[in-house]
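# A closer look at the structure
Single-letter residue listing:
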Amino acid sequence: MQTIDGMITFTYHDDIEKASEFYRDALGLKLVMNRDWVKIYKAGADSHIGLVDSKHGYIKPSKDKPVMLSIMVQNIDAWHRRLTEKGVKTNHPPKEAQGIHMRGFLTWDPSGYVIELLEFLTKPYGE
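Residues numbered from 1 in each chain as written. Predicted model: local features only at pLDDT ≥ 70, side-chain atom pairs only at ≥ 80, totals over all residues. Heavy atoms only, no water.

## Brief notes about the sheet that holds strand β5 (residues 68-72)
Spatially, 4 strands are ordered β5-β8-β7-β6 in an open sheet, and the strand pairing comes out mixed. Strands at the two margins of the open sheet, each flanked by one partner only, are β5 and β6 (95-97). Geometrically, the sheet is characterised by an average inter-axis angle of 40° between neighbouring strands, direction not taken into account. Sheet topology note: the β6/strand β7 (residues 102-108) ladder contains 3 bridges and is antiparallel. Along β7, the bridge assignment pairs Glu96 with Arg103. Together, β7 and β8 (114-120) form the strand contacts of helix α2 (residues 76-85), whose direction differs from that of β7 by roughly 20°. (Pairing = 2+ DSSP bridges. Helix = DSSP H or I, 4+ residues; strand = E, 2+ residues; numbered from the N terminus. Axes fitted to C-alpha atoms, helices over the stretch in contact; angles between N-to-C directions. Contact = heavy atoms within 4.5 Å.)

Pasting the structure below:
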């Protein structure tokens, strides 16, 4: 059987350094690959967020970002506190989504990608 080792979601940025600063400093993600035009941050055990300089990437960024990066966390209240203390705008304090058994909130990276931080209140996926 073939397996999948992990996943990287690539996002495309006109200002990769500004985006990199957000993922490193605001979110506290670990930089695991650093090239002039691509940077990869570890988001979880086997998941990563890649930042690509729009001048070199396969896809060009658009004003509308049809992708939402959803990051599963523990202690959603501490995450919200961390981001607001760093001056990062959020849509609201963590709140429960009706019928989904999770709490979360949204923020945006400097390029406009929506980032959803969420904490499951029950174990997801029948674990």
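Continuing now.
## What about α2?
Looking at α2, one finds that the buried residues are Ile76, His80 and Leu83. Down the axis of α2, the buried side of the element spans an arc of 70°, and every buried residue falls inside it. As for α2, its buried residues are in contact with α1 (16-26), β7 and β8. Note on α2: the residue one or two positions beyond its end, Gly87, has a positive phi of about 80°. (Buried < 20%, exposed > 50% of the residue type's maximum accessible area, 1.4 Å probe, protein only. Arc of directions from axis to C-beta.)

## Some thoughts on the sheet that holds strand β3 (residues 38-42)
Ordered in space as β1-β4-β3-β2, the 4 strands form an open sheet in which the pairing is mixed. On the outer flanks of this sheet lie β1 (7-13) and β2 (30-34), each paired with one strand and no other. Direction aside, neighbouring strands of the sheet carry axes that sit 25° apart on average. As judged from the 5 bridges shared by β3 and strand β4 (residues 47-53), these two strands associate in the antiparallel manner. Across the sheet, residue Lys42 finds its bridge partner in β4, namely His48.

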